[in-house]
Amino acid sequence: MKNKIKLALCQIAAKREDKAANLTKFEELTMKAKEQGADLAIFPEMSLTGYVLHDQIYELAEPIPGPSVEEVETFAKKAGLHVIFGMPELTTKAKATLYNTSVMVGPSGFVGKYRKMYLPTHSVFEEKRYFRPGYEPAEFQTQIGNIGLTICYDVFFPEVFRLPRLMGAQLIVCISASPAVRKSYFEVLTAARAIENTCYLAYVNLAGMQDGLQFWGGSRLVGPTGDVLAKAKYDVEDFVLCDVDFGDLRTAETFVPTMRDLRPELYDKLKGFSEQI
Amino acid sequence: MKLTPSVLDIDFSEAETRICRFIKEYVEKAGASGIVMGLSGGVDSSTIAALASRSVGGDKVKALLMPEKETFSQKDIDDAKTIAKQFQLQTQLCDMTEVLEAFYRGIPAFEPADRICKGNIKARTRMIYLYYYANQQKCIVCGTSDKSETMMGYFTKWGDAAADIAPIIDLYKTQVRKLALHLGIPKELALKPSTPSLWPNQLAESELEIKYETLDLILFGLERFMETKEIAEQLGIELAVVERVKDRLLATEHKRRLPLGPKLGFRTVGNDLRLPRHNY
């Protein structure tokens, strides 16, 4: 496993309902990332299809693995790179049951996936109308490190990040489709999730506008002490390279040892009280 | 699912009951004194005339007949009068010719050869008449849009689709024709070819380039998330025809919604500021 890796934060404005165009962009940026020495290219939530799809989502969702994932596998193998991106997943066990999923592909093919656990259904969001929530945290031990996957609104729920961290993740990737009115929340919460878990957090948001929602971009790499180590432009497409040094986790863990100080017995109380809200 | 004409069969007695209850309750809860509607002599407005009359009584339904010189048809006027008499509606003849000609003269960029832009003025002028009478008489405007036209975006934005209620908006055109027959509307009128009357000899099916019998089955399939290929195979028609209908459905969504604005605030009108309709 590498101790230092380079990330490419691929902040794109996905073209709605045009998987071919988005896959072309994925490939172009993956090859660019490879040329510039990156190990992992990260694309936003639902960047394969666009985010605001309403009922058209049923036409666009695919199984994972499936045709689009296979295409990503092809250029990930060619580039020798890992790639993470978001898409609507159609379960193979039913005809119209969908998940909002983050997919990880590597040079050897499909690595794994994470199905979003917290589906926003308030304000402008209607995810529970279409998606079934996921139940499993995701952490993958790869050649480039132990990587956890999360998606967007999950960031409001510390346990979704704590779980992959406890499973061994040292870099948690949060892909997102966050509109501008939520910017200040995400800027704080991404730092908080990194600090409390003493791990790296890569946040990659959509840019551009869909159905009046302006995605604010602002993708970033947050270090294990909460420092924003790299940041993409607000609102527009951007491509940012940044470095992760897993050796820094040791320093962070000794400075504020949250992993050491965890109190498992509190989680029982948390479960009990949360059931009684 | 097998796409045959029978999929569009519904219980028209129940549909009548539900629609009439809807109209009656809406008018009562709005505190309105009645209904204003446009009556063209076509199947949609004739059907609304019958339903409105049965809901609140013909004496509380003001039907405006709004002919104008270019598209004038004595047959349509006679048909509208037949319906008004059958369902005992109050009628008002409003010849729009002078108002329209004033618009044509008054718009510096007016181009008479552009029949769509010109035709839309007619549809929007009808809306102005309807709302004038509704405001003056404390009535609501009852729209006559059906599901086929609405899904296809085959209407004038802020024109014929502008109304307070749309009682037959969830019925396809072929269903409206059957409901019309069920309501006792003469067969000749129930099956009369539809026209928006924006220019002379305009016919909906010619302009849409498809028969409503086929269109409604395509739309029915799309409504139920069927794939275009499957719809085309089942109906024995070219895939391109189904794709064209679908493309038009998707392309006209902007006509069916409030205007789009950028999300800036906590809750946004037309997006996530969602309130119950007061009293309804």
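Okay, so let's go over this structure. All figures in this text were calculated on a predicted structure; none of them were measured in a lab.

### Let's talk about the pairing of strand β3 (residues 82-90) of chain A
Residues and elements named next belong to chain A.
In step 1: A large share of β3 lies buried, amounting to 9 of its 9 residues.
In step 2: Across 3 bridges, the pairing between strand β2 (residues 40-42) and β3 is parallel. Among the inter-strand pairings, Leu40 is bridged to a residue of β3, identified as His82.
In step 3: The sheet contact formed by β3 and strand β4 (residues 98-106) spans 8 bridges and is antiparallel. Residue pairing for β4: Val83 is matched across the bridge by Val105.

### Quick word on the sheet that holds strand β2 (residues 61-65) of chain B
Residue and element names in this part refer to chain B.
In step 1: Taken together, 4 strands build an open sheet; the order of strands is β3-β2-β1-β4 and the sheet is parallel. Sheet topology places β3 (90-93) and β4 (139-141) at the edges, where each strand pairs with a single neighbour. When strand polarity is set aside, the average angle formed by the axes of neighbouring strands in this sheet is 25 degrees.

### Here we look at the pairing of strand β6 (residues 138-142) of chain A
All names here are of chain A.
In step 1: Bridge count between β6 and strand β7 (residues 145-151): 5 bridges; the pairing is antiparallel. Bridge pairing in β7 links Thr142 to Gly145.
In step 2: With antiparallel pairing between neighbouring strands as the criterion, β6 and β7 make up a hairpin whose turn holds 2 residues.

### Remarks on unusual backbone geometry
In step 1: With an omega of 0 degrees, the peptide bond running from A:Ile64 to A:Pro65 counts as cis.
In step 2: One can find A:Pro65 in the loop between α2 (57-60) and α3 (67-79).
In step 3: A positive phi angle is found at A:His54, which is not glycine, with a value near 50 degrees.
In step 4: Its location among the elements puts A:His54 in the loop between β2 and α2.
In step 5: Since 11 C-beta atoms lie within 10 Å of it, A:His54 is described here as exposed.
In step 6: If you check the backbone angles, B:Phe225 has positive phi at about 65 degrees while not being a glycine.

Criteria and thresholds
Residues numbered from 1 in each chain as written. Chains lettered and ligands numbered in written order. Predicted model: local features only at pLDDT ≥ 70, side-chain atom pairs only at ≥ 80, totals over all residues. Buried ≥ 20, exposed ≤ 12 C-beta atoms within 10 Å, placed from the backbone. Helix = DSSP H or I, 4+ residues; strand = E, 2+ residues; numbered from the N terminus. Pairing = 2+ DSSP bridges. Axes fitted to C-alpha atoms, helices over the stretch in contact; angles between N-to-C directions.

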